[in-house]
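Structure assessment
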Amino acid sequence: MSNYYSADYLRMIRNKIPIDGVIINLLNLEVRNEHQILRFRCPLCFNFHTATNHKTNLARCFDCQKNFNPIDLVITVAKCNFVDAVQFLKDSVE
């Protein structure tokens, strides 16, 4: 496992792996679909006052006021470090 990832590679992981897929398929977070909006249980406060934005590829908890990109979300849910989160996402696209 490499501990070095180029800035371009990190941008690809951050922007090209759909946040909805990370939430549903990789992390298996509890979800609800409300009015065509994917709501997920926040891994910090455990509330469903959340949403995802496909244009920015971010997830947000409006109660915690926390934004998550795919890497942040893996770090938070898996309680791992940055390198391990990137490796996890890398393995998911290979």
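Residues numbered from 1 in each chain as written. Predicted model: local features only at pLDDT ≥ 70, side-chain atom pairs only at ≥ 80, totals over all residues. Heavy atoms only, no water.

Angle between the axes and distance between the axes: these two values describe a pair of packed helices. At a minimum axis separation of 11 Å, helix α1 (residues 7-16) and helix α4 (residues 82-93) run at an interaxial angle of 65°. Taken together, α1 and α4 sit at an angle that is classed as roughly perpendicular. Taken as a pair, α1 and α4 cross one another with a handedness that is left-handed. Touching Tyr9, Leu10 and Ile13 of α1 are Phe82, Val86, Leu89 and Lys90, all from α4. Partitioned by chemical class, the residues of the contact of α1 with α4 number six nonpolar, no polar and one charged. (Axes fitted to C-alpha atoms, helices over the stretch in contact; angles between N-to-C directions. Helix = DSSP H or I, 4+ residues; strand = E, 2+ residues; numbered from the N terminus. Parallel < 35°, antiparallel > 145°, perpendicular 65-115°, else oblique. Left-handed = near helix turned anticlockwise from the far one by under 90°. Contact = heavy atoms within 4.5 Å. Nonpolar A, V, L, I, M, F, W, Y, C, P; charged D, E, K, R; others polar.)

If you look at the biggest cluster of nonpolar residues, it comprises 20 residues, and the most contacted ones within it are Val22, Ile23, Leu73 and Leu89. Mapped by element, the contributors of at least two residues to this core are α2 (19-26), β2 (37-40), β4 (58-61), α3 (70-78) and α4. Discounting residues that sit within four places of it in the chain, valine 22 has contacts with Ile17, Leu27, Asn28, Pro70, Leu73, Val74 and Leu89. (Core = buried A, V, L, I, M, F, W, Y, C linked by side-chain atoms within 4.5 Å. Buried < 20%, exposed > 50% of the residue type's maximum accessible area, 1.4 Å probe, protein only.)

A word on the environment of threonine 76. Examined against the element boundaries, threonine 76 turns out to sit in helix α3. Sequence separation between threonine 76 and leucine 44 is 32 residues; the distance between their C-alpha atoms is 7.8 Å. Beyond its immediate chain neighbours, meaning those up to four positions away, threonine 76 contacts Pro43, Leu44 and Phe68.

For the coordinates displayed, the defined rule picks out one aromatic pair. A centroid spacing of 5.8 Å and a plane angle of 20° characterise the contact between tyrosine 5 and tyrosine 9, whose relative ring orientation is stacked. Tyrosine 5 sits in the buried class, given a relative accessible area of 11%. The class for tyrosine 9 is partly exposed, based on a relative accessible area of 23%. Sitting over the ring of phenylalanine 48, arginine 32 keeps its end group 3.7 Å from the ring centre. (Phe/Tyr/Trp six-rings, centres within 6.5 Å; stacked < 30°, edge-to-face > 60°. Lys NZ or Arg CZ within 6 Å of the ring centre and 35° of its normal.)

A few words on the side chain of asparagine 69. Mapping asparagine 69 onto the fold places it in the loop between β5 (66-68) and α3. In this structure asparagine 69 comes out as buried when scored by relative accessible area, which is 15%. A polar contact is formed between the side chain of asparagine 69 and the backbone nitrogen of isoleucine 71, at a distance of 2.8 Å. A distance of 2.8 Å separates the side chain of asparagine 69 from the backbone nitrogen of aspartate 72, its partner in a polar contact. Once residues lying within four places of it in the same chain are set aside, the contact partners of asparagine 69 are Arg14, Ile19, Asn57 and Leu58. (Polar contact = N/O pair within 3.5 Å; in protein donor to acceptor, adjacent residues only side chain to side chain.)

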